[in-house]
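Chain and residue survey
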Amino acid sequence: MTPRNAAAQTAFGPMVLAAIEHNEPAARRLVDDDLAASFLPSRFRFLVRATRSDTLRRATVSAIDRSGPGLWASIACRKRFIDERLSDPLNDTDTVVVLGAGLDTRACRIARHSDMPVFEVDQQVNSELKAAVLQRALGSVPPSVHLVPVDFERDALIPTLEARGYRRQARTFFIWEGVTQYLTPEAVRSTLAQLGDAAAGSRLIFTYIRQDFIDGTNLYGSESVYRKFRKRREVWKSGLVPEHVGELLAEYGWREVEQAGPSYFRDAYIRPTGRDLTASALEWTVMAAR
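Residues numbered from 1 in each chain as written. Predicted model: local features only at pLDDT ≥ 70, side-chain atom pairs only at ≥ 80, totals over all residues. Heavy atoms only, no water.

The protein chain goes by S-adenosyl-L-methionine-dependent methyltransferase in an unreviewed UniProt entry, where it is assigned to Mycolicibacterium iranicum. Reading the Sequence similarities (unreviewed entry) entry of the UniProt record for the protein chain gives the comment "Belongs to the UPF0677 family." The UniProt entry for the protein chain carries the following comment under Function (unreviewed entry): "Exhibits S-adenosyl-L-methionine-dependent methyltransferase activity." (UniProt positions renumbered as here; feature names shortened; annotations may be inferred.)

1. With respect to the pairing of strand β3 (residues 145-149)
As a general feature of sheets, a regular strand has side chains that alternate between the two faces. Burial analysis of β3 places four of its five residues in the buried class, which makes it a mostly covered element. Taken together, the five bridges between strand β2 (residues 118-122) and β3 define a ladder with parallel strand orientation. Along β3, the bridge assignment pairs F119 with H146. The handedness of the β2 to β3 crossover, carried by helix α7 (residues 124-138), is right-handed. (Buried < 20%, exposed > 50% of the residue type's maximum accessible area, 1.4 Å probe, protein only. Helix = DSSP H or I, 4+ residues; strand = E, 2+ residues; numbered from the N terminus. Pairing = 2+ DSSP bridges. Right-handed = clockwise from strand over helix to strand, strands pointing away.)

2. Considering the side chain of R106
Looking at the element boundaries, R106 is found in helix α6 (residues 106-111). In this structure the side chain of R106 is engaged in a polar contact, spanning 2.7 Å, whose partner is the side chain of D83. The residues touching R106, leaving out its near neighbours within four places in the chain, are K79, I82, D83, L86, I175 and E177. (Polar contact = N/O pair within 3.5 Å; in protein donor to acceptor, adjacent residues only side chain to side chain. Contact = heavy atoms within 4.5 Å.)

3. Details of unusual backbone geometry
Unlike most non-glycine residues, Y220 shows phi in positive territory, near 50 degrees. Among the structural elements, Y220 can be located in the loop between α10 (211-215) and α11 (223-232).

4. Points about the pairing of strand β5 (residues 203-209)
For β5, the buried fraction is high: seven of the seven residues fall into the buried class. Because side chains alternate across β5, one face comprises the buried residues R203, I205, T207 and I209, and the other comprises L204, F206 and Y208, equally buried. The pairing of strand β4 (residues 172-176) with β5 spans four bridges and is classified as parallel. Bridged to W176 within β5 is F206. In this fold, the crossover linking β4 to β5 by way of helix α9 (residues 185-194) has right-handed handedness. Sheet topology note: the β5/strand β7 (residues 283-289) ladder contains seven bridges and is antiparallel. Each bridged residue has a counterpart across the sheet, and for F206 the counterpart in β7 is V286.

Here it is in structure tokens:
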């Protein structure tokens, strides 16, 4: 099954990136995801296998970086950031909710060593795709993984989750990665409002595109990305201003803990690998708490 709309089709790109990164030697990886390749359709698995060659892998990364400078490192590093915060032993978490899960592998990686429930929320087409992928790659959907079809623009998120077994009083780690830009500003606020009753001790990590990029006033060297996502079709609909994110979160009962952008990714993840990469300034990752 193939996703039938522009936003749904973006489920493949980040996982192709994660799978190619896994072909790097361990000390040079920006993110470590050994399931990513197996979750991809055969045409993408062929590409991933080809990039076991150092030459082809570096050429692939360079080509993608030319079309969107810094986005390769930004996407890989945001995944690393989320994985690290999720596994932080100081976070007492009862359940995980992945908003806009796509082909993300975290739920299945968690299921290897824990029966903690993970709810993967996405459009109906992506939930159906994910069920088929898990059946093919793993033989079944792990018992702790719950696929929950939701349209963020129309559906009531929490009641839909509760109908699938989610407990509102559970300390929840919400992950909203690579999604907010595809929603209208109204849907972004509506989703935050629906998360406003999360239990004390819950965490929220989300990514966003800068508003000045959405407005077209600063393209951060990514003119082709702007043409693709804003000019040809308005696939990206929302952006945020870094300095105002804390105020937005406070409106809905959340406290900003940290924001990670290109400088953090450079110092924490890129420099230790010795790779000549730069993270983009147009996307940021936020962690918030209740």
